[in-house]
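Inside the fold
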Amino acid sequence: MKIAILGAGNMGLSFSKSFLKYELIKPENLHLITRNEAKISKISEEFPNSKISTFDDVKELDSDLIIIAVKPQDFQYLSENFPFQLNQSQMVLSIMAGIKIEKIQKLLNHPLVVRAMPNSPTLLGMGITGYTSAQGISFSQLISIERLLNSTGRSVYLENEELLDGVTALSGSGPAYFYYIVDAMIKAGIEMGIDENLSKLFVQQTMLGAYHLINNSDKNLEELIHDVASKGGTTEAALKTFNENNLKEILKNGILDAEKRAKELNG
């Protein structure tokens, strides 16, 4: 299989690394295309045996799969300045937030589109990607896409494309919410007089351990919270403040606003 990646940014490059790591593609069958000419030498160092071009240099694409990894705001410009025609057998995989399959098909004048929403832990092969596809894509074509997505972590097929905006808000943006909470905890530690590096260690290991407890316990989240929050204790004092300030509602509303923004990106 030959793969071209339009938009060799963080996500495009992390996908490329995963494909090569698991030998799903040969380096010489990978074509990385960037708008930024200044990035070419750095990308060449990381991918010495792959083809690297700027958008302006590409006159035709002979790849079986074209992955669109540009920012959603740049897609209109890209499609209007597309210097090449796609042929009937080529597949398109979009990892842009918000842009619907129908719009991609229309702007590229091409029917075979799969839309996916990965997240940043794909960099470590620990991502999760929701994906859905246009009509007319065969089961075997979908399986080959799934194999590629699974090299970056886990993937979940969604029948209903509308749910992808929710996936974008939940897991696509989700790592940033997690970092935000971790940052608040570390800063609280510093305020209590704990050295910054030590505060980081306590918080990061706590989060790691708590994650494994969620994964390995038969208890639901309420029960796990109850196990830590004994009556009249320190945890209860923190949770009381969170509840009085509607922290859970604030977080939930933020995530719903992220979904709303994903819907707006389709224009």
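Refer to the structure printed above.
So, here is what we can say about the structure in this document. Keep in mind that this is a model prediction, so the values were computed, not measured. (Residues numbered from 1 in each chain as written. Predicted model: local features only at pLDDT ≥ 70, side-chain atom pairs only at ≥ 80, totals over all residues. Heavy atoms only, no water.)

1. A look at the layout of surface pockets
Selection criterion: The pocket and cavity definitions rest on a 1 Å grid over protein atoms only: a 1.4 Å probe that fits but cannot leave marks a cavity, an open set with protein on both sides within 12 Å along at least five of seven lines marks a pocket, and residues lining either have an atom within 4 Å of a point. Grid points are joined across faces, edges and corners, and a volume is the space filled by probe spheres set on the points. The way it works is that DSSP assigns letters per residue, a run of H or I at least four long becomes a helix, a run of E at least two long becomes a strand, and they are numbered from the N terminus. For this classification, Asp, Glu, Lys and Arg are treated as charged, while Ala, Val, Leu, Ile, Met, Phe, Trp, Tyr, Cys and Pro are nonpolar and the rest, including Gly, are polar.
In this structure, the second largest pocket occupies an estimated 810 Å³ of space. Lining the second largest pocket are 32 residues, and of these Met11, Ala69, Val70, Lys71 and Pro72 sit closest to its centre. Mapped by element, the contributors of at least two residues to the lining of the second largest pocket are helix H1 (10–21), helix H6 (163–172) and helix H11 (247–264). Counting residues per element, the lining of the second largest pocket draws most heavily on H1, at 4 residues. Class assignment of the residues belonging to the lining of the second largest pocket gives a composition of 15 nonpolar, 12 polar and 5 charged.

2. Here we look at the sheet that holds strand E4 (residues 65–68)
Here is the rule: Should DSSP find at least two bridges between two strands, the strands are taken to pair. A fitted line through C-alpha atoms represents every axis, and for helices the fit uses only the stretch in contact; the resulting angles, taken between N-to-C directions, go from 0 to 180 degrees. Note on definitions: a residue-residue contact is assigned when non-hydrogen atoms from the two residues lie within 4.5 Å.
Sheet architecture is open: 8 strands sit in the order E3-E2-E1-E4-E5-E6-E7-E8, paired in mixed fashion. Every other strand in the sheet has two partners, leaving strand E3 (51–54) and strand E8 (153–157) as the edge strands with one partner each. Taking each pair of neighbouring strands and ignoring which way they run, the sheet shows an average axis angle of 20°. Two elements, strand E7 (residues 127–133) and E8, share 5 bridges in a ladder whose sense is parallel. Within E8, the residue paired with glycine 127 across the bridge is glycine 153. Together, strand E1 (3–6), strand E2 (30–34) and E4 form the strand contacts of H1, whose direction differs from that of E2 by roughly 170°. Packing of helix H5 (residues 139–150) onto the sheet brings it into contact with E1, E4, strand E5 (91–94), strand E6 (113–117), E7 and E8, and relative to E8 it is tilted by some 145°.

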